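A structural walkthrough
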Amino acid sequence: MKIQNKMKAGIIGYPLGHTLSPTIHNSAFKELGYNIDFQIWETEEKFLEEKIQSLRNKNVLGCCVTLPYKKKVMQYLDNIDNSAKEIDAINWVINKDGKLSGYNTDWLGFINSIDFYKKSIKNKKALIIGAGGSAKAICQGLIKGKVKSIIISNRTLKKAEEIKVLFRNSQTKIQIMDFKELNNLTILETMDLIINTTSLGMTGGPDPKKSPIDTSLLNTRALCYDLVYSPQITPFLREAKNNKIDTIGGLSMLVFQAASGFELLTNKNAPINTMLDSVGIKL
Ligand code: NAP
């Protein structure tokens, strides 16, 4: 779609509260000289279909989609990209001449943030803690990044099993593990990459002071990655750092998924340094 002055883009979710998406995107639009406003579209479920249909308007470029609608909006779209189909969730809707397409850039955001910090995941043994919406994207990212094996552990084991089934055709070995087994030394010390995709440690979440695992049981060559980005240093990351283990926080993934979304919206390369800078991440 041809970009014209005074077009709009936004983020849809409920509740949205404070979101960094307008800061990240408006910095990028400004850098490229676009007069586009990125808005917050907090939408109750009863208005979701109407809101999605309004994205077909010629002054709307598209939107980012967050909790709790990453799966629900799929039914209202005209096309779904293959990666998003595999993950069974979208986080971007793009309007092209009144037709709406869904994409998932969360897995790309994860992979690109790993590259940004010059870490490698190829042939590594990975543990995903949590099996909510974001865990599916992480599983996809790990498979595309050619890890050796994946263990998924979740409080509700059935949801971990569902992710295993979702990716049953991949070449990567995927196992599930009971949440009660999570602090099992013999398993944890063999893990190279541990990713927290639960909302434990998140400000305003179910248990902001809690780390999902005892990081003293990890091997010091491990890498701990927390998807939670508020606060930037979560209990999981703080404890891992105290145990001399490398860490990556969720803010970089947020920016890199936004950068891929920006490229879908504009067909231009995202000004990644500006976007990282807008949330205080320096190269
Ligand atoms: P979600 O679909 O609601 O899943 C939440 C997960 O947390 C589930 O696995 C849930 O387990 C687990 N959980 C919640 N409370 C728990 C508790 N008290 N003890 C143990 N496990 C608990 O959410 P999501 O979309 O996956 O997001 C999860 C986190 O990732 C959020 O903090 C979100 O902000 C962050 N995130 C960050 C990015 C980024 O770009 N950095 C992207 C997406 C998400 P059950 O299944 O048993 O309920």
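Residues numbered from 1 in each chain as written. Predicted model: local features only at pLDDT ≥ 70, side-chain atom pairs only at ≥ 80, totals over all residues. Heavy atoms only, no water.

Once that is clear, we can look at the pattern of salt bridges. Taken as a whole and judged by the stated rule, the model has 10 salt bridges. A salt bridge links K72 to E45, with the shortest nitrogen-to-oxygen separation between them at 3.7 Å. Taken together, the residues span a long stretch of sequence, with K72 in the loop between strand 3 (60–65) and strand 4 (79–80) and E45 in the loop between strand 2 (36–42) and helix 2 (48–54) at a distance of 27 residues. K72 sits in the partly exposed class, given a relative accessible area of 32%. With relative accessibility at 47%, the residue E45 sits in the partly exposed group. For K180, the salt bridge goes to D178, with nearest N and O atoms at 4.0 Å. (Salt bridge = Lys/Arg side-chain N within 4 Å of Asp/Glu carboxyl O. Helix = DSSP H or I, 4+ residues; strand = E, 2+ residues; numbered from the N terminus. Buried < 20%, exposed > 50% of the residue type's maximum accessible area, 1.4 Å probe, protein only.)

Moving on, we get to the nonpolar core. Within the largest apolar cluster, 30 residues are counted, with the highest numbers of intra-cluster contacts made by F110, I128, C139, L142, I150, I152 and I195. Elements represented by at least two residues in this core include exactly helix 4 (106–116), strand 7 (125–129), helix 5 (133–144), strand 8 (149–154), helix 6 (157–166), strand 10 (193–196) and strand 11 (223–226). It is helix 5 that contributes the most residues to this core, six residues altogether. Filtering out sequence-adjacent residues up to four positions away, F110 remains in contact with I138, G141, L142, I195, Y225 and M253. (Core = buried A, V, L, I, M, F, W, Y, C linked by side-chain atoms within 4.5 Å. Contact = heavy atoms within 4.5 Å.)

Within the structure, the ligand sits among 23 residues, and S134, N154, R155, T156 and K159 are positioned closest to it. Between S134 and the ligand, the recorded distance is 2.6 Å, taken from a side-chain N or O atom to an oxygen atom. For the ligand, a nitrogen atom lies 3.0 Å from a polar atom in the backbone of L227. Relative to its unbound accessible surface of 930 Å², the ligand loses 83% to contact with the protein. Elements with a contribution of two residues or more to the shell around the ligand: helix 5 and helix 9 (250–266). If one sorts the elements of the shell around the ligand by residue count, helix 9 sits on top with three residues. (Near = heavy atom within 4 Å. Polar contact = N/O pair within 3.5 Å; in protein donor to acceptor, adjacent residues only side chain to side chain. Areas by Shrake-Rupley, 256 points an atom, 1.4 Å probe, with all protein chains shown as cover.)

Looking now at the sheet that holds strand 3. The strand order 2-1-3-5-6-4 describes an open sheet built from six strands, whose pairing is mixed. On the outer flanks of this sheet lie strand 2 and strand 4, each paired with one strand and no other. Sheet topology places strand 1 (residues 7–13) next to strand 3; five bridges connect them, and they run parallel. By the bridge assignment, A9 is partnered in strand 3 with G62. The strands touched by helix 1 (residues 21–31) within the sheet are strand 1, strand 2 and strand 5 (92–96), with strand 2 carrying the most contacts at an inclination of about 165 degrees. Where helix 9 meets the sheet, it contacts strand 1, strand 3, strand 5 and strand 6 (99–103), and its direction lies at approximately 10 degrees from that of strand 5. (Pairing = 2+ DSSP bridges. Axes fitted to C-alpha atoms, helices over the stretch in contact; angles between N-to-C directions.)

Honestly, that's just the spatial picture; any functional story needs more than this.
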